[in-house]
Amino acid sequence: EPDALEKLKGSVARVAMYTGEPLRRSKLIGEGQSFMSSILPTGMRAVATAISADTSAGGFILPNDFVDVIMTRRSDTGNAGSGFTTETILKNIRVLAIDQTIQEDEEGKKTRVGQTATLELTPQQAEIITVAQQMADRLTLALRSITDNKEKGTDEADYLVSGNGRRGTVRLIKSGEVSEVGARK
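Residues numbered from 1 in each chain as written. Predicted model: local features only at pLDDT ≥ 70, side-chain atom pairs only at ≥ 80, totals over all residues. Heavy atoms only, no water.

What to know about the pattern of salt bridges
- Counted under the stated rule, the structure contains 3 salt bridges.
- A salt bridge links R144 to D68, with the shortest nitrogen-to-oxygen separation between them at 2.7 Å. Taken as a pair, R144 in the loop between strand 7 (138–143) and helix 4 (159–162) and D68 in strand 4 (residues 66–76) lie far apart in primary sequence, 76 residues in all. Just as R144 is buried, D68 falls in that class too.
- With relative accessibility at 11%, the residue R144 sits in the buried group.
- Several salt bridges converge on common partners, so that one network encompasses D68, R144 and D148. (Salt bridge = Lys/Arg side-chain N within 4 Å of Asp/Glu carboxyl O. Helix = DSSP H or I, 4+ residues; strand = E, 2+ residues; numbered from the N terminus. Buried < 20%, exposed > 50% of the residue type's maximum accessible area, 1.4 Å probe, protein only.)

Printed below as a string of structure tokens:
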């Protein structure tokens, strides 16, 4: 393409490129296009969730790591007061991005603190985490070992959005009573 320099001006490489390697459009993101949507595999969704150092393995989770998402919420235990229940709602989820900014602490030391993790999810997993964000007192990302990130989780908490496997209903647990409610459209 004789006018390639003009056409591709402002493009960004979406993958690593090497000296002498042929330039292909599939390796570029055009000006004004989203980087995140261009690296997202077909059929997947990018969903952000709030994190802090104490909910993200001390801040050691980085893009391309794999995590489990753990939901913690208060539960009524009768007369003894309230306790907590915890459950792993999503397993082996790829982290696409962490928004890390440099902050200076009281002693003048600079630290990188992330407040949001963007996760790569299927459409159903996106629904699960969206409901869990509303239900949970806290969502925690548990960092997985690099050696076990190949196994895929099959026992996800789809009951959070579909109630006993029926789409369009939500399983509601209130004061220990379980009921299914039709979702509004």
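There is more to say, and it comes next.
Digging into the nonpolar core
- Residues V69, I89, L90, L119, I129, L139 and L141 are the most contacted members of the largest nonpolar core, which totals 21 residues.
- At the level of secondary structure, the elements contributing two or more residues to this core comprise strand 4, strand 5 (82–104), strand 6 (110–121), helix 3 (123–135) and strand 7.
- Top element by residues in this core is strand 5. It accounts for 5 residues. (Core = buried A, V, L, I, M, F, W, Y, C linked by side-chain atoms within 4.5 Å.)

Details of the side chain of D68
- By relative accessible area, which is 15% here, D68 ends up buried.
- There is a polar contact of 2.9 Å between the side chain of D68 and the backbone nitrogen of N92.
- A distance of 2.7 Å separates the side chain of D68 from the side chain of R144, its partner in a polar contact.
- When neighbours within four sequence positions are excluded, D68 is seen to be in contact with T88, L90, K91, N92, T140, L141, A142 and R144. (Polar contact = N/O pair within 3.5 Å; in protein donor to acceptor, adjacent residues only side chain to side chain. Contact = heavy atoms within 4.5 Å.)

Focus: the environment of L141
- Here L141 shows up in strand 7.
- Ignoring sequence-local partners within four residues, the contact set of L141 consists of I51, T55, S56, A57, I61, V67, D68, V69, A117 and L119.

Describing the environment of T42
- Following the sequence through the fold, T42 ends up in the loop between helix 2 (35–39) and strand 3 (45–50).
- Spatially, the C-alpha atom of T42 lies 9.7 Å from that of T122, the residues being 80 residues apart in sequence.

Side note on a nonpolar patch on the surface
- Judged by side-chain polarity, V15, M17 and L23 come together as a nonpolar surface patch covering roughly 240 Å² of accessible area.
- As for its placement among the helices and strands, L23 is situated in the loop between strand 1 (12–13) and strand 2 (28–29).
- Here L23 falls in the exposed class, since its relative accessible area comes to 52%. (Patch = residues over 30% accessible without salt bridge, like charges linked within 9 Å, V, L, I, M, F, W, Y side chains within 5 Å. Areas by Shrake-Rupley, 256 points an atom, 1.4 Å probe, with all protein chains shown as cover.)

Re the side chain of T72
- Examined against the element boundaries, T72 turns out to sit in strand 4.
- A polar contact is formed between the side chain of T72 and the side chain of T86, at a distance of 3.5 Å.
- Each residue touching T72, except ones within four places of it in the same chain, is listed here: F84, T85, T86, A136, D137 and R138.

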